[in-house]
Amino acid sequence: MASTWTERQQQVEREDLVMFINACLSCTGQREFYDEAWGQKLSLDFLHDYILGNYRLLYARTLAAGINHFNQGQIILKLLATGKQTLPEHRQEEGTLIASTLNALPPQRAWKVLEQIRKRRINNRRARAIARDYIAQRHQRLDFDAVKYRSKVSGIATHNHLKLPGEVGSFLFRDWPQQFETELFEKFRKAYYSQDAIYALPFTVAEGLAAKHQIPRDRFLARIEAQMTQAEKVRMQQSTECDRNSKLTVDLKHTPITKLALYCLSLPIKDRQARHTELTQALQQSAQAALHRAPLRLGKVAAVLDCSYSSSGSNEKRRRPLGVALAIHYLLQAASNQYQAFWTLPISDPLLVQPRGQTDLATPLLDALATHPDVVVILSDGWENDPPNGAAEVLRVFRRRLDPSVSILHCNPVFNADDFSVRNLSSAVPTVGLRDAEDLPTVLGFAQFADGKSSLGDLEQYLKVRVQQFLSKFDPNHGS
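The structure reproduced in this document is the subject of the present report. Every chain is numbered independently, its residues counted from 1 as its sequence is written. Note on the predicted model: pLDDT of at least 70 is required for a residue's local features to be given, and 80 or more for side-chain atom pairs to be given and counted; whole-chain, interface and lining totals, by contrast, use all residues. To obtain the side-chain values, all non-hydrogen atoms of the structure were used and water was disregarded.

1. Quick look at the pattern of salt bridges
Point 1. What makes a salt bridge here is a side-chain nitrogen of Lys or Arg within 4 Å of a carboxyl oxygen of Asp or Glu, nothing more. Taken as a whole and judged by the stated rule, the model has 17 salt bridges.
Point 2. Among the salt bridges present, the one from Lys317 reaches Glu32, with a minimum N-O distance of 2.6 Å. With Lys317 in the loop between strand S1 (298-305) and helix H18 (320-335) and Glu32 in the loop between helix H1 (2-26) and helix H2 (37-54), this residue pair connects regions lying 285 residues apart in the sequence.
Point 3. Assessed through its relative accessible area of 4%, Lys317 is described here as buried. Going along the chain from the N terminus, every DSSP run of H or I of four or more residues is numbered as a helix, and every run of E of two or more is numbered as a strand. Under the scheme applied here, a residue whose accessible area is under 20% of the maximum for its type counts as buried, over 50% as exposed, and between as partly exposed, the area being computed with a 1.4 Å probe on protein chains only.

Here is the structure:
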């Protein structure tokens with residue numbers, strides 16, 4: 001009886017952790033096609049508090065599990081806010097994980113986390129040390145950060161009573177001299193008073209000053225293009241604000257594949273047809289670049305890709321589920337020896353795909369299984385309605401009666417707030433969260449725990465190894 005109770009307890013713990021990591025892989029608290037943003041945030045916040053309260057060490061180790069930046073930030077904040085609850089033997093590992101994760105985040109994310117520490121009034125010795133060390137390691141880029149994230153850097157410095165180096169303090173707290181010695185500060189000072197000087201500043205900095213000087217938006221965008229980064233150009237090109245007749249020059253070769261897929265989907269069909277060769281080559285090159293960073297080699301693969309209307313996403317995540325499906329298509333094509341794609345609505349050219357129709361996953365799934373693949377990857381939000389549960393029945397019968405050896409994985413880019421997890425198609429196949437196509441190699445490694453066959457000990461060992469690999473990027477001697 002005792003053995004059965006222990007096994008059941010470990011099963012519950014493993015299921016809790018798998019559910020949490022799945023949520024952290026897919027959810028960012030934004031509105032989805034079927035859920036409002038407040039529901040997503042409420043469910044995710046509950047999950048964070050539940051796992052933090054019951055499995056603190058594993059909660060901290062999740063930082064190294066390849067989860068998205070939003071959830072990394074949430075974990076850092078909750079760990080810092082509850083530092084007294086850390087056991088002495090885990091304090092060093094937890095602190096190292098927090099500092100390393102913060103340093104690995106994109107700067108805008110990291111500064112936002114530090115700003116949230118101030119807004120939530122987290123004021124303990126460890127939080128102050130984390131802020132101090134982050135500013136110190138940004139020493140070479142601190143001038144740029146001080147200009148681009150002015151309110152955040154000044155608020156963080158004030159909250160933590162930090163002395164800023166050089167002219168940073170004078171710049172942020174408006175103790176401006178006649179002329180700054182720091183070139184970027186001087187450019188900003190001139191732009192503060194002169195319209196023509198704003199075009200020497202980074203786009204996001206100049207954008208605020210353009211509003212201050214009441215410069216017409218179209219005139220500002222026409223002159224600031226040279227100062228825009230590739231990500232800013234892609235984001236601007238996707239927005240409705242960008243005039244379709246005045247295209248920005250975007251370097252597609254260096255754009256991550258999911259962002260590139262979303263950019264392609266933002267173009268009208270006639271533009272995609274006219275630039276077919278250019279866009280296809282860019283997607284293929286971006287897929288190869290993603291595989292170079294995270295190698296993945298597969299045999300014979302069949303993909304079932306959802307292009308139903310719900311893949312259009314929400315106002316906050318416009319076309320993201322479809323963009324992930326398009327990116328996965330090119331990524332699997334590059335990673336496989338043999339590859340075939342089956343969309344919910346048959347299409348002649350994946351580049352021309354659009355979100356349309358009901359969700360019929362059973363038909364493309366039957367077509368995919370008929371090719372006798374080694375691996376089947378299903379990319380869908382899990383809302384199947386034409387017919388309901390059709391794919392679930394196909395998967396059940398195929399697993400039990402026909403061929404249980406084929407690897408089948410359901411990747412879901414949408415978090416379901418109602419049951420605190422990603423919606424699954426069938427208990428016969430594992431379901432994992434996936435926010436960006438580039439995360440597919442990580443997700444495939446984690447999928448072994450989503451099918452319920454691995455033990456809690458295996459999952460704990462997996463997280464421990466991920467922590468060692470993650471920390472060794474910052475300290476090659478870590479763990480040796």
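2. So, the side chain of Thr101
Point 1. Locating Thr101 in the fold gives a position in helix H5 (residues 91-104).
Point 2. Residue classification places Thr101 among the buried residues on the basis of a relative accessible area of 1%.
Point 3. Polar contacts here mean pairs of N or O atoms no more than 3.5 Å apart (in protein, one a potential hydrogen donor and the other a potential acceptor; neighbouring residues in sequence count only if both atoms are side-chain atoms). In terms of polar contacts, Thr101 uses its side chain to reach the backbone carbonyl oxygen of Leu97, at 2.6 Å.
Point 4. By definition in these notes, contact holds between two residues if any of their heavy atoms fall within 4.5 Å. Setting aside chain neighbours within four positions, we find Thr101 in contact with Leu63, Gln72, Ile76 and Phe470.

3. Remarks on the packing of aromatic side chains
Point 1. Any two of the Phe, Tyr and Trp rings considered here, Trp counted by its six-membered ring, make a pair once their centres fall within 6.5 Å; the pair's planes then place it as stacked at under 30 degrees, edge-to-face at over 60, or tilted in between. Tallied over the full model, the rule gives 19 aromatic pairs.
Point 2. The interplanar angle of 15 degrees and the centroid separation of 6.2 Å between the aromatic rings of Phe46 and Tyr50 together place this pair among those described as stacked. Residue Phe46 and its partner Tyr50 are both found in helix H2; the two are separated by 4 residues, about one turn of the helix.
Point 3. Here the aromatic cluster, defined as three or more aromatic residues joined through ring pairs, consists of Phe171, Trp176, Phe180, Phe185, Phe188, Tyr192 and Tyr193.
Point 4. Above the face of the Tyr192 ring, Arg174 is positioned so that its terminal group lies 4.8 Å from the ring centre.
Point 5. Only Lys NZ and Arg CZ are tested; either one counts as a charge over a ring when it is within 6 Å of the ring centre and within 35 degrees of the ring normal. Directly above the ring of Trp383 sits Arg423, whose terminal nitrogen or CZ lies 3.7 Å from the centroid.

4. Some thoughts on the packing of helix H4 (residues 69-81) against H5
Point 1. Relative orientation of the contacting elements H4 and H5 amounts to 140 degrees, with a least axis distance of 10 Å. Compared by their axis directions, H4 and H5 come out oblique. Handedness of the H4/H5 crossing: left-handed. Packed against H4, whose contacting residues are Gln72, Ile76, Leu79 and Leu80, the element H5 presents Glu94, Ile98, Thr101 and Leu102 at the interface.
Point 2. Each residue gets one of three labels, nonpolar for Ala, Val, Leu, Ile, Met, Phe, Trp, Tyr, Cys and Pro, charged for Asp, Glu, Lys and Arg, and polar for the others, Gly among them. Of the residues that constitute the contact of H4 with H5, the class distribution is 5 nonpolar, 2 polar and 1 charged. Simply put, an axis is a line fit to the C-alpha atoms, just over the touching stretch for a helix, and the angle between two N-to-C directions goes from 0 to 180 degrees. Note on terminology: angles under 35 degrees are roughly parallel, angles over 145 are roughly antiparallel, angles of 65 to 115 are roughly perpendicular, and the others are oblique. By definition, turning the near helix anticlockwise from the far helix through less than a right angle yields a left-handed crossing, and turning it clockwise yields a right-handed one.

5. Describing the environment of Ile378
Point 1. Positionally, Ile378 belongs in strand S3 (residues 375-379).
Point 2. Accessibility expressed as a relative area gives 1% for Ile378, which makes it buried.
Point 3. Separated by 255 residues in the primary sequence, Ile378 and Asn123 place their C-alpha atoms 46 Å from one another.
Point 4. Other than its neighbours up to four places away in sequence, Ile378 contacts Val304, Leu365, Leu395, Ile408, Leu409, His410, Cys411 and Leu425.

6. Some points on the pairing of S3
Point 1. Of all 5 residues that make up S3, 5 are buried, and the element is covered over most of its length.
Point 2. What you see with S3 is no split at all: Val375, Val377 and Leu379 on one side and Val376 and Ile378 on the other are buried throughout.
Point 3. The pairing of S1 with S3 spans 5 bridges and is classified as parallel. Paired with Ala303 across the strands is Val377, a residue of S3.
Point 4. One ladder, built from 5 bridges, connects S3 with strand S4 (residues 407-412); its direction is parallel. Bridge pairing in S4 places Leu379 opposite Cys411.
Point 5. Clockwise travel from the first strand over the helix to the second, with the strands pointing away from the viewer, marks a crossover as right-handed. Taking the sense of rotation as the criterion, the β-α-β connection linking S3, helix H20 (residues 390-402) and S4 turns out right-handed. Here, any two strands with at least 2 DSSP bridges between them count as paired.

7. Digging into unusual backbone geometry
Excluding glycine, residues mostly carry a negative phi; peptide bonds, for their part, are mostly trans.
Point 1. Of note, the bond from Asp386 into Pro387 is cis; its omega dihedral lies within 30 degrees of zero at 0 degrees.
Point 2. Along the polypeptide, Pro387 turns up in the loop between S3 and H20.
Point 3. Phi angles above zero are rare outside glycine, and His161 is one such case at about 55 degrees.
Point 4. Summarising the element assignment, His161 is placed in the loop between helix H9 (150-159) and helix H10 (168-172).
Point 5. Taking the relative accessible area as the measure of exposure, His161 reaches 71% and is therefore exposed.

8. Structural notes on the sheet that holds strand S7 (residues 431-433)
Point 1. Pairing is parallel in the open sheet, where 5 strands are placed in the order S2-S1-S3-S4-S7. Each edge of the open sheet carries a strand with a single partner, namely strand S2 (336-343) and S7. Pairs of neighbouring strands in the sheet enclose a mean axial angle of 25 degrees, with direction left out of account.
Point 2. Where S1 lies against S2, 7 bridges are found, and the strand directions are parallel. Bridge assignment links Lys300 to a residue of S2, and that residue is Gln338.

9. Concerning the state of the cysteines
Point 1. Note on terminology: pairs of cysteine sulfur atoms within 2.5 Å are recorded as disulfides. For the structure shown, the criterion picks out 0 disulfides.
Point 2. A disulfide-free cysteine, Cys24 has its sulfur positioned 8.5 Å from the sulfur of Cys27, the nearest such atom.

10. A closer look at the packing of helix H19 (residues 362-369) against H20
The angle between the axes and the distance between the axes are what describe a pair of packed helices.
Point 1. Where H19 meets H20, the closest approach of the two axes is 8 Å, and the angle between their N-to-C directions is 30 degrees. Here H19 lies roughly parallel to H20, going by the angle between them. Contacts between H19 and H20 involve Ala362, Leu365, Leu366 and Leu369 on the former and, on the latter, Gly390, Ala391, Val394, Leu395 and Phe398.
Point 2. Along the lines of polarity and charge, the residues of the contact of H19 with H20 split into 8 nonpolar, 1 polar and no charged.

11. Observations concerning a nonpolar patch on the surface
Point 1. To count toward a patch, a residue needs a relative accessible area over 30% and no salt bridge; like charges are then connected within 9 Å, while nonpolar side chains (Val, Leu, Ile, Met, Phe, Trp, Tyr) are connected within 5 Å. Only the protein chains shown count as covering a residue, and every accessible area follows the Shrake-Rupley method with a 1.4 Å probe. Among the surface-exposed residues, Phe33, Tyr34 and Tyr309 lie close enough to one another that they form a single nonpolar patch of about 310 Å² accessible area.
Point 2. You can see Tyr309 is positioned in the loop between S1 and H18.
Point 3. The exposure class of Tyr309 is exposed, given its relative accessible area of 51%.

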